[in-house]
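# Coordinate inspection notes
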Amino acid sequence: MDNIRKLNELGQSLWMDNIERKLLENGETKALIDRGDIRGMTSNPTIFDKAIEKTHDYDEALMPLAWSGWDSEKIFWELIVEDIRSAADLFLPLYEESNGGDGYISIEVSPLLANDSDASAAQAQQLWARVARPNLMVKIPATEAGISAIRRSVAAGININITLIFSLARYAQVMEAYLSGLEDRLAAGHPIEQLASVASFFVSRVDSNVDKKLPEDSPLRGKIGIANAKLAYEQFQKMFSGERWDKLAARGARLQRPLWASTSTKNPAYPDTLYVDNLIGPNTVNTLPPQTLDAARDHARPEITITKDIDQAHAQMEELAATGLSIDKVTDELEEEGIRLFSESVKSLLKTIEQRRNDAVHELGPLADAVAKRVARLEADSFPARFWAHDPTLWTSDPQGGTEVTMRMGWTESPGKAVALLSSYRSFADEVHKAGLHRYLVLGMGGSSLTAEVISSLFGDASRKDAAYNTDGCLAILDSTDPEQVARTAADFPPDQTLYIVASKSGGTAETTAGYDYFWKLSKKDGSHFIATTDENTSLEQLARQHAFRRIFTSDAAVGGRYSALTDFGMVPAALLGIDLERFVGRAAWMARQCGRDIPPARNPGLVLGAVLGEAALAGRDKLTILADDAVTPLANWIEQIVAESSGKDGKGILPVPLEPLDSPHVYGRDRIFVYLRQTGELDGGADALAAAGFPVLRYPVLHPYEAAAEFFRWEVSVPTACHILGVNAFDQPDVQESKDRTKQKIAEYRKKGRLNEGNWDLEVRASGLQGSGSRLDDFVARGEPPDYFAINAYLPRTREMEDELQRLRVAIRERTECAVAAGFGPRFQHSTGQFHKGGPASGLFIQIVSDPERDIEIPNEGMSFGTLIRAQALGDFETLVARHRQAIRVHLSRPQDIGYLVQALSRERVQR
């Protein structure tokens, strides 16, 4: 750092000759700026070619653009402009601090226009307007045609970086064009004091060309590039002095600083700081690739050298001429070569983008045209601006429904609000850890608990621990009223070690209340082991105050439950697990910026995904089948809730089918669209086969657990977008209440009569009646064919063994019918897919599975057991399905383990049609 500081004190600024999206986003570029290592940045087509071709860092941006129907060249400029804007924003404080002396980033006009003055000037104007940053410099190559474009661009008020200068004669023309442009601008009555320019004089390429033409023992090898640059600096001093310059300087003109380019040593025999140590002088810039910057930081020799040994530099140029080598010929070759190489880089980059664009479009399969048209329509309808303005008419014309929208869109600000609360979350977690509580149990349903489960599952696996996680705690959720599951959970989370998180936005969720009553008694009513997460002024908040809970988190009331991932409901568990909160929220904030109000709709990853989902559903592909590599499967269940509960109403909707076992394409109907949450690529083969068979297969890399935060926000944008396309309100849940009301009636009757009203037994079969062709269950399953779907609603303990059995059951039904088969545990699913079951398309066939509990547990203060409650919930849900004219059958098992009979009964050959 001392070396770089000394270089700055000698009047030389170091700029970075490199730009990469990853470095812009992960903080490394900002760190270089903050440390003072770099005071500007340059880019060129070759740099972008390497950055985009050699990595997949740009695929996240490229994919929605391709899906939106953009061509390769349009995508090319969008990707480049995005990086340039990002860099400009990072450098803006330095630009302002230095009063425009430094802090610049350069973008280059296409080298394919290098010999077209008019086109170069026009594109310079377009790029200047498009990037719209005061610290931008537009690069124009110093060709014969470029000289005129430079003068016109300066006169137009554009900061210009003139590139590919090799010869002294051309450099003189460049300086003349700059001065003339300033004079033209003044003559037109415009100010010039904010205009800046640098002249990029290339160095090492001169030596590379000359050296190969000289004998190996020539003393001129490795000398001509520096000599040429020193003579250029001599020209600079002469041009920017005297009467002409003094007049311009009096009007505020800035020096056009020489910028030493091509400063990495191409010959490994030369010192790696050769073109740093010998080009140091006031009013200069040296633009360095990363490896040369590292070398300069470590062992550069800061002292004025650019004006030393000028006579020797002249002599070396004369000696070169005496050998018969023409420096003019060398520089002409280099100029032609530079244009050719940069042009080849552009062509190579366009080829890469075209290939990736084609791959992305191929993922959409038959939806490609419809999606591109939809994105264009969303843009024409000003959808992003209206979305961010929380315009309820995007989803409903009903005033009451519109009020619900307005009250529930606060999640768009969640990342920013979370940042402000990070210190509070951390201090609370520290308090809990110091109290010796390292086990955390969330008592909650649906959106109040699902995020906690995702975070715990993604970050809690010991095989994925790292220093940032500090996951010495264990977190689980209890979102079941099954007595067996309650008992197992109680054994795993004893009161002396556990902090119980009672989570309910409404404060009155029946399952949460029952769980609280049980664990409150188990803890001997110790409020220090409880916290509450709820909205303000709920019954839960009042209870928490009455019982002296350790802490009450009053969450953002303007955020609906399924959109609450980045509020207290997700952030408090994340803090307790010790994850890096800044990094987690930072990924969400990054996605929020990608989906922002001013982002072109075609570039908005949430909006474009929503367009895909919406158009897929309109085309009959309304079964969103979510594939996931093993490490990221928890995220699929979170997506299930937000998609189903938001979209399934008014007879419309998108059915999420998460984690259905992957099979060959022939078992799937044409009502499918696939999303693959990819980390290891373990499902690549199956996904490739589906795509080859013509199914839309969207692949989203989730390479690290922290990416879950970005996915939360992506889907929070995409689902309302899809709902807008379908014409449903994404923020209400009108069909959930009926099942709750029926359950309450069952419980009231039980308390009055001491038994449950079991309802219509004609639709129930016992395990003993499952076997044999022509059984009622066999006949029921035979009814289904695409686009129908099956939903297995299992009121059973949610254990790994039971999950495996349900997966086998899903496969058996799919093999027989080719229908999508969703599965959920009750009453958990009632707070997610339950809305879709009652309010979505009437194409579902429902298999409810209940069992007699092997043991039961009383719920304190409720006058009933958990076994009674879950049975009442199952009955209420089943009767609601029947009342909605849904096809449904109930299977009653003597005990949960008897589910194996059900699997065996359906694991036969496919139904013949």
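Calculation criteria
Residues numbered from 1 in each chain as written. Predicted model: local features only at pLDDT ≥ 70, side-chain atom pairs only at ≥ 80, totals over all residues. Heavy atoms only, no water. Helix = DSSP H or I, 4+ residues; strand = E, 2+ residues; numbered from the N terminus. Buried < 20%, exposed > 50% of the residue type's maximum accessible area, 1.4 Å probe, protein only. Contact = heavy atoms within 4.5 Å. Areas by Shrake-Rupley, 256 points an atom, 1.4 Å probe, with all protein chains shown as cover. Lys, Arg positive; Asp, Glu negative; His and termini not counted. Charge placed at Lys NZ, Arg CZ, Asp CG, Glu CD. Pairing = 2+ DSSP bridges. Phe/Tyr/Trp six-rings, centres within 6.5 Å; stacked < 30°, edge-to-face > 60°. Lys NZ or Arg CZ within 6 Å of the ring centre and 35° of its normal.

## Re the overall build of the chain
In terms of helices and strands, the chain carries 36 helices and 24 strands. Judged by the C-alpha coordinates and their principal axes, the chain covers about 110 × 65 × 55 Å. Relative to its 913 residues, the chain shows a buried fraction of 61%. A fraction of 80% describes how many contacts in the chain between residues 6 or more apart in sequence connect residues 24 or more apart. Of the accessible surface of the chain, which amounts to about 33900 Å², a share of 48% is contributed by carbon and sulfur atoms. Distance between charge centres in the chain, computed from 102 positive and 128 negative side chains, equals 3 Å.

## Regarding the pairing of strand β1 (residues 12-17)
Judged by how many residues are buried, β1 sits mostly within the fold: six of six residues are covered. Side chains Q12, L14 and M16 project from β1 onto one buried face, and the interleaved S13, W15 and D17 project onto a second face that is buried too. Pairing analysis gives five bridges linking β1 to strand β8 (residues 284-288), with the strands arranged parallel. For Q12, the partnering residue across the bridge sits in β8 and is T284. As judged from the two bridges shared by β1 and strand β2 (residues 40-42), these two strands associate in the parallel manner. From the neighbouring strand, M16 faces β2, where its bridge partner is M41.

## Re unusual backbone geometry
The general pattern is negative phi for most residues beyond glycine and trans for most peptide bonds. The step from P786 to P787 runs through a cis peptide bond, and the omega angle for that step is 15 degrees. Tracing the sequence through the fold places P787 in the loop between α32 (776-782) and β19 (789-794). Even without glycine at this site, H390 takes up a positive phi of about 60 degrees. Within the secondary structure, H390 is located in the loop between α18 (383-388) and α19 (399-408).

## Let's talk about the packing of aromatic side chains
Across all of its chains, the model carries 42 aromatic pairs by this definition. When the ring of F236 is compared with that of F240, the centres are 5.3 Å apart and the planes differ by 45 degrees; the resulting orientation is tilted. As far as the burial class goes, F236 and F240 line up, both buried. A ring pair is formed by Y795 and F829, whose centres lie 5.7 Å apart and whose planes are at 75 degrees; its orientation type is edge-to-face. One end of the pair, Y795, is in the loop between β19 and α33 (800-817); the other, F829, is in the loop between β20 (820-825) and α34 (833-839), and 34 residues separate them in sequence. Comparing Y795 with F829, the two get one shared label, buried. In textbook terms, an aromatic cluster arises when at least three aromatic residues are bridged by ring pairs, as seen for F383, F387, W388, W395, W411, Y563, F713 and F731. A cation over an aromatic ring shows up here: R439 above the ring of F493, its NZ or CZ 4.9 Å from the ring centre. Stacked on the ring of F878, the Lys or Arg R890 has its end atom at 4.7 Å from the ring centre.

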